[in-house]
Amino acid sequence: MTLKITWDEASARRTERQFLAVPARAGTPVADIVGAMLGAHAQVLSAAEVSVGVRADGVTRAEVRAALWEDRSLVKTYGPRGTVHLLPTAELPLWTAALTAIPSGRSPFAPAVRLTEEQADEVVAAIGDALDGARLTVDELSDEVVARTGPWAGDLVMPAFQGMWPRWRQVMHRAGQRGALSFAPNRGRKVTYTRPPRFEPLPADEGLALLVRRYLRAYGPATPGHFAKWAAAPRGWATELFASLAGTGVIEEVDFEGPAWVVAGDTEFPGTPVRGVRLLPYFDAYAIAAQPRETLFPGRAYARALAGGQAGNFPVLLVDGVVAGVWHQRRRGRRTTVTVEPLERLPAARERELAEQVERVGDILEARAELVVGAVTAGPHA
């Protein structure tokens, strides 16, 4: 008989494993927190700092940055969906194997702009060589790539914000996913890049199987479609991948609002629903990965806290494991004002919890935080 899992059970286990039910103990390595999340989205580094900090007692942005730039237990690079993430350095063999094995979709660029596969491989190799033992700005890296490949790599053919970028930049994310590129500390206001420590990737099949197990342990039960959305992978390919893993006993089927999957044998779930208030920043891993999205963002939350169905564009207020509003902050010097817009009026006890979470966000960002509870919002607005 197929085991039936309820939303309350799944939500309680996910938040527990994400350190959102109970934060990790003081002293837990930052890289362990990031590993449990399957990476912290870091296009905006302060958002990644909050994502990590709300999951661990006593962690501030200073600890996250020390892990990233000093002891290098974290690396900032291109991760899932080709977006910038913090990943544990020790896990790069897994991530490189799995991410490079996920089929990519059609190139968004015109045929005259695209790189051939041979050219793409040549550019990635040139990036890795140029960054080995160096820290370069994007312009310095561009000069090195063109010198190592040819003028074609430097053709200004990619539409950019206020001009055109050179052709080679369309595979920067691929260089990150292959372990040839990562971010280094800024030089003034300029972003710089370096090569992460060298490592040997896992075999592709092993990396994919491990990534699916890690995903299901963190966010399961889940369907192949859920995994495909999280990984930006073709749905049909994900379905075949799950079928192959089920056939070898790596994962097992459960009933979670229909057929879904967990790691084989990983069928223990908490008996009580999740309770509590949490604030999650832009593109927090939980808000992106936990599915079904219609249940995580119930009712009006789906319209208010998602951008066309895409998670992450709004920092969210979680109440008892579901999205119950949005929030934003405005910082001035050492002070930050955190304005929370709930979808329903919060009882006094919940508002006290919220004040504690706002104080925690301030601690993480090394600022004094003030809570402002905005008007209850009934729909999307600017």
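The structure under discussion appears in the preceding block.
The following refers to the structure shown. (Residues numbered from 1 in each chain as written. Predicted model: local features only at pLDDT ≥ 70, side-chain atom pairs only at ≥ 80, totals over all residues. Heavy atoms only, no water.)

## Regarding the packing of helix α9 (residues 204-219) against helix α10 (residues 224-231)
A pair of packed helices is captured by two measures, namely the crossing angle of their axes and the spacing between those axes.
Inference 1: Two numbers describe how α9 lies on α10: the axes approach to 11 Å, and their chain directions differ by 105°. Between α9 and α10, the angle is such that the two are roughly perpendicular. Between α9 and α10, the contacting residues are L211, V212 and Y215 on the first element and H226, F227 and W230 on the second.
Inference 2: A per-class count over the contact of α9 with α10 returns five nonpolar, one polar and no charged. (Axes fitted to C-alpha atoms, helices over the stretch in contact; angles between N-to-C directions. Helix = DSSP H or I, 4+ residues; strand = E, 2+ residues; numbered from the N terminus. Parallel < 35°, antiparallel > 145°, perpendicular 65-115°, else oblique. Contact = heavy atoms within 4.5 Å. Nonpolar A, V, L, I, M, F, W, Y, C, P; charged D, E, K, R; others polar.)

## Digging into the packing of aromatic side chains
Inference 1: Counting across every chain of the model gives nine aromatic pairs.
Inference 2: Ring geometry for F161 versus W165: centroids 5.9 Å apart, planes at 80°, classification edge-to-face.
Inference 3: Among the residues examined, W165 registers a relative accessible area of 28% and is labelled partly exposed.
Inference 4: With a centroid separation of 5.2 Å and 35° between ring planes, the pair formed by Y215 and W230 is classed as tilted. On the criterion of sequence distance, the pair formed by Y215 in helix α9 and W230 in helix α10 is long-range, its members being 15 residues apart.
Inference 5: Its relative accessible area of 6% is what places W230 among the buried residues.
Inference 6: One aromatic cluster is present, built from ring pairs that chain together W95, Y215, Y219, F227, W230 and F242.
Inference 7: Looking at R169, its charged tip hangs above the ring of W165, at a distance of 3.7 Å from the centre. (Phe/Tyr/Trp six-rings, centres within 6.5 Å; stacked < 30°, edge-to-face > 60°. Buried < 20%, exposed > 50% of the residue type's maximum accessible area, 1.4 Å probe, protein only. Lys NZ or Arg CZ within 6 Å of the ring centre and 35° of its normal.)

All we've got here are geometric facts, nothing functional implied.
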